[in-house]
Amino acid sequence: DAGVIQSPRHEVTEMGQEVTLRCKPISGHNSLFWYRQTMMRGLELLIYFNNNVPIDDSGMPEDRFSAKMPNASFSTLKIQPSEPRDSAVYFCASSLRLAQETQYFGPGTRLLVL
Amino acid sequence: DQQVKQNSPSLSVQEGRISILNCDYTNSMFDYFLWYKKYPAEGPTFLISISSIKDKNEDGRFTVFLNKSAKHLSLHIVPSQPGDSAVYFCAASVRNAGNMLTFGGGTRLMVKP
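Reading the values: the criteria
- Residues numbered from 1 in each chain as written.
- Chains lettered and ligands numbered in written order.
- Predicted model: local features only at pLDDT ≥ 70, side-chain atom pairs only at ≥ 80, totals over all residues.
- Heavy atoms only, no water.
- Contact = heavy atoms within 4.5 Å.
- Buried area = accessible area lost by both parts, 1.4 Å probe.
- Salt bridge = Lys/Arg side-chain N within 4 Å of Asp/Glu carboxyl O.
- Polar contact = N/O pair within 3.5 Å; in protein donor to acceptor, adjacent residues only side chain to side chain.
- Helix = DSSP H or I, 4+ residues; strand = E, 2+ residues; numbered from the N terminus.
- Nonpolar A, V, L, I, M, F, W, Y, C, P; charged D, E, K, R; others polar.
- Phe/Tyr/Trp six-rings, centres within 6.5 Å; stacked < 30°, edge-to-face > 60°.
- Buried < 20%, exposed > 50% of the residue type's maximum accessible area, 1.4 Å probe, protein only.

> Would you mind going over the interface of chain B and chain A with me for this structure?
Interface size, as often reported, equals the accessible area lost upon joining of the parts. Counting residues at the interface gives 17 residues for chain B and 17 residues for chain A. Buried area between chain B and chain A, summed over both chains or domains, comes out near 1400 Å², and the portion from carbon and sulfur atoms is 60%. Seen at the junction of chain B and chain A, the total is zero salt bridges. Inspection of the region where chain B meets chain A yields two residue pairs in polar contact (both at pLDDT 80 or more). Among the elements that take part in the side of chain B that touches chain A, strand β4 (residues 32–38) of chain B stands out by supplying four residues, more than any other. Grouping the constituent residues of the side of chain B that touches chain A by class yields 10 nonpolar, four polar and three charged.

> Help me understand the packing of aromatic side chains, please; the structure alone is not making it clear to me.
The geometry of an aromatic ring pair is captured by two quantities: the separation of the ring centres and the angle between the planes. Tallying each qualifying case throughout the model produces 12 aromatic pairs over all chains. A ring pair is formed by Y35 of chain A and F105 of chain A, whose centres lie 5.2 Å apart and whose planes are at 40°; its orientation type is tilted. Placement of Y35 of chain A in strand β4 (residues 31–38) and of F105 of chain A in strand β10 (residues 104–105) is noted, with a sequence separation of 70 residues between them. Between Y25 of chain B and F30 of chain B, the aromatic rings sit 6.2 Å apart at their centres with planes inclined by 65°, giving edge-to-face as the arrangement. The class of Y25 of chain B is buried, set by a relative accessible area of 7%. Pairwise contacts between aromatic rings join F33, Y35, Y48, F91 and F105 of chain A together with Y36, F46, F89 and F103 of chain B into one cluster.

None of this, on its own, says anything about what the molecule does.
This is the structure we're talking about:
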């Protein structure tokens with residue numbers, strides 16, 4: 001299995017621009033998670049889906065952030081408009097079931113907003 | 001308020017010796033604990049886990065110990081190898097509450113040859 005795939009691996013954009021991060025979970029996994037890693041806050045959960053349905057988005061920092069999962073093999077995290085404080089590494093992870101504790105992480109997208 | 005804390009941001013160990021990484025938690029509802037390892041430019045990878053009904057779990061060179069009364073867990077790596085050099089994250093979850101992972105801040109382990 002290819003594991004969790006994220007694209008792009010690196011993104012540099014200017015403040016105010018829209019940013020879209022993409023994730024393909026491991027085939028057969030029913031739960032998908034978006035995390036953000038920063039120096040100040042460490043690794044924090046933004047939102048998670050189960051069977052393509054958002055379950056908890058309480059970790060999403062602001063309305064500028066939105067996430068979708070149109071089907072079992074694809075999810076997006078969108079930031080519009082982006083701000084310099086959004087600069088971080090964004091990870092996507094998936095697990096076989098919501099009740100399965102082991103989450104498998106993608107390589108991350110390093111975002112820099114200038 | 002950080003519910004999972006790793007108070008040592010870094011640890012340096014000689015090859016062949018034991019590495020001990022520590023983690024403390026405050027939420028008594030946590031009943032499952034995991035350790036993840038992360039290399040630069042990669043995502044965290046699952047290493048080992050332990051349920052709150054146990055106090056020890058071993059997998060090869062890696063052993064996790066859980067002290068529920070102290071709300072403390074530790075990861076022992078014996079013997080340490082240079083390839084173990086990475087950032088180690090402790091994580092905790094409540095199985096009946098969506099099972100979401102709460103991560104500690106990580107400890108960077110450096111194993112010197």
